Amino acid sequence: MKFIKCKDYDEMSIRAAEVLEAVVKEKPDCVLGLATGSTPVGMYSRLIEDCKAGKIDFSKCTSVNLDEYVGLGEKDDQSYRYFMNTNLFDHINIDKAKTFVPNGLESNADKACSDYEAILEKTGPQDIQVLGLGENGHIAFNEPETYFPKLTHRVDLTESTIEANARFFENQDKVPRHAYSMGIGSIFRAKKILLLASGAKKAKALKEALNGPIDPKLPASILQLHPDVVVVCDEAAMQ
Ligand code: F6R
C-alpha cells in the first residue's frame with residue numbers, strides 16, 4: 001500500500017489525477033473504474049482541465065462506475081449516471097457509449113445485477129478503480145455487514161449513509177433507500193486501487209480500515225489484502 005499525503009483537498013485532487021492519468025498514458029485503451037460523491041469531484045475537474053489542454057486523451061478508454069441508486073435514471077439529476085455525465089463525461093473526449101453505470105431503472109434486482117456483472121466481464125478488469133470512503137467505512141455501497149458481498153448486488157442503504165447523502169437531496173426523505181453496487185469481488189478485480197479520502201470526517205474510518213483488523217463491519221479494511229492500493233488523502237483525513 002502506498003500513501004500520498006497531501007496538504008489539502010486541492011492537492012489531493014491534483015495528485016490523484018496524476019495517478020489516474022499515468023495509467024491512461026501507459027495504456028490508452030484502459031478500463032477506468034470510477035466513483036461518485038464529493039471526494040473525486042476535484043480530481044475530475046483536473047482531468048477535464050488536462051483533457052481540454054490536450055495533455056491526456058480518453059478517447060480509447062472504457063469506464064465502469066461503482067454504483068447507482070435504485071429507481072433513478074439518467075435524466076434524474078440525483079442519479080449517479082447524471083453525476084458522471086455532468087462532472088466528467090460531458091467534458092472529456094471519452095466515448096459515452098463505452099461508459100457504464102448500473103441500471104437504476106431496472107426494478108428486477110437480479111437482472112440489474114447480473115446484467116452489470118456481464119458488462120464487467122465484457123470490459124475486463126479495471127486497470128484502476130477509484131474509491132471514496134464512507135464515514136462508516138463503506139466502499140462503493142458495500143455497507144457494514146457480517147460478510148463481504150462478492151458481486152454486484154442490491155443494497156439497503158444504512159441510516160448513516162442516507163443521512164450523509166441527504167446533503168445532495170431536497171430533504172432526507174428523498175434519498176433513495178436502495179442502490180445497486182459492485183461487490184468487493186467486483187472491486188478486487190481491479191489491477192490498481194486509488195482510494196481517496198478528504199476531511200476529518202473520514203479520519204476514523206481511514207485509520208481503522210488501514211490499521212485495524214480486516215472486518216466486514218468496516219468494509220474498506222479488506223483493501224489491506226489488495227496488492228496495489230494507492231491512498232491519496234489530505235492531512236485532515238490522516239489524523
Ligand atoms: C460513490 C460511492 C461511495 C462514496 C462514499 C464517499 O460512488 O460508491 O462509496 O465514495 O460514500 O462519498 P463522499 O465522497 O461524498 O464523501
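The structure we're discussing is the one just above.
About the criteria used
Residues numbered from 1 in each chain as written. Predicted model: local features only at pLDDT ≥ 70, side-chain atom pairs only at ≥ 80, totals over all residues. Heavy atoms only, no water. Salt bridge = Lys/Arg side-chain N within 4 Å of Asp/Glu carboxyl O. Buried < 20%, exposed > 50% of the residue type's maximum accessible area, 1.4 Å probe, protein only. Helix = DSSP H or I, 4+ residues; strand = E, 2+ residues; numbered from the N terminus. Pairing = 2+ DSSP bridges. Right-handed = clockwise from strand over helix to strand, strands pointing away. Contact = heavy atoms within 4.5 Å. Near = heavy atom within 4 Å. Polar contact = N/O pair within 3.5 Å; in protein donor to acceptor, adjacent residues only side chain to side chain. Areas by Shrake-Rupley, 256 points an atom, 1.4 Å probe, with all protein chains shown as cover. Nonpolar A, V, L, I, M, F, W, Y, C, P; charged D, E, K, R; others polar. Axes fitted to C-alpha atoms, helices over the stretch in contact; angles between N-to-C directions. Arc of directions from axis to C-beta.

Peer 1: Is there a simple way to explain the pattern of salt bridges in this structure?
Peer 2: Side chains that carry opposite charge are capable of pairing whenever their charged atoms lie near each other. Applying the stated criterion to the full structure yields 13 salt bridges. The salt bridge involving D156 is made with R154; its shortest N-O contact spans 3.9 Å. One salt-bridge network, held together by shared partners, links K27, D127 and K191.

Peer 1: Mind showing me how you'd approach the pairing of strand β9 (residues 193-197) here?
Peer 2: Successive side chains on a regular strand alternate, one facing one side of the sheet and the next facing the other. Counting buried positions along β9 gives 5 out of 5 residues, so the element sits mostly inside the fold. Side chains I193, L195 and A197 project from β9 onto one buried face, and the interleaved L194 and L196 project onto a second face that is buried too. In this structure, strand β6 (residues 128-131) lies alongside β9, joined through 3 bridges in parallel fashion. Bridging from a neighbouring strand, V130 pairs with L194 of β9. Judged from the 5 bridges that link them, β9 and strand β10 (residues 229-234) form a sheet pairing that is parallel. Among the inter-strand pairings, A197 is bridged to a residue of β10, identified as C233. At this point the chain moves from β9, through helix α7 (residues 203-211), to the parallel β10, and the crossover so formed is right-handed.

Peer 1: Sorry if this is basic, but what is going on with the environment of E208 here?
Peer 2: You can see E208 is positioned in helix α7. Judged by its relative accessible area of 35%, E208 is partly exposed. Sequence separation of E208 and G137 is 71 residues, and the distance between their C-alpha atoms is 8.5 Å. With residues up to four places along the chain from it excluded, the contact list for E208 reads L218 and Q224.

Peer 1: Any chance you could explain the site of the ligand here in plain terms?
Peer 2: Within the structure, the ligand sits among 13 residues, and T39, D67, H138, A140 and K202 are positioned closest to it. A distance of 2.8 Å separates an oxygen atom of the ligand from a polar atom in the backbone of S38. With the chains in place, 93% of the 410 Å² that the ligand exposes on its own is no longer accessible. Of the residues contributing to the shell around the ligand, the split by class is 4 nonpolar, 6 polar and 3 charged.

Peer 1: Which parts of the structure should I look at to understand the sheet that holds strand β4 (residues 67-69)?
Peer 2: Adjacent strands of a sheet pair through backbone hydrogen bonds, lying either parallel or antiparallel. Taken together, the 3 strands give an open sheet; going across it, the order is β4-β8-β7, and neighbouring strands pair in antiparallel fashion. Only two strands of the sheet have a single partner each, and these edge strands are β4 and β7 (153-156). Direction aside, neighbouring strands of the sheet carry axes that sit 30 degrees apart on average. Bridging between β4 and strand β8 (residues 178-181) involves 3 bridges; their strand directions are antiparallel. The residue of β8 that forms the bridge with D67 is S181.

Peer 1: Any chance you could explain the sheet that holds β10 here in plain terms?
Peer 2: Taking strand neighbours across the sheet as the criterion, the 7 strands line up as β1-β10-β9-β6-β2-β3-β5 in an open arrangement whose pairing is parallel. A strand with exactly one partner marks an edge of an open sheet, and here the two such strands are β1 (2-6) and β5 (99-100). Where strand β3 (residues 62-65) lies against β5, 2 bridges are found, and the strand directions are parallel. Bridge pairing in β5 links V64 to F100. Relative to β10, α7 is tilted by about 155 degrees, and along the sheet it contacts β1, β9 and β10.

Peer 1: Looking at this structure, I do not really get the side chain of D50. What am I missing?
Peer 2: As for its placement among the helices and strands, D50 is situated in helix α2 (residues 41-52). When near neighbours in sequence (up to four residues on either side) are disregarded, D50 contacts E21, K55 and I56.

Peer 1: I keep staring at α7 and nothing clicks. Help me out?
Peer 2: Residues spaced three or four apart along an α-helix face the same direction, because each turn holds 3.6 residues. Residues of α7 that are buried include every one of A203, A205, L206, A209 and L210, and no others. Along the axis of α7, the buried residues cluster in a sector spanning 165 degrees; they form a single face. In α7, the exposed positions angled more than 90 degrees off the buried face are occupied by K204, K207 and N211. In this structure, the buried residues of α7 make contact with β1, β9, β10 and α8 (235-238).

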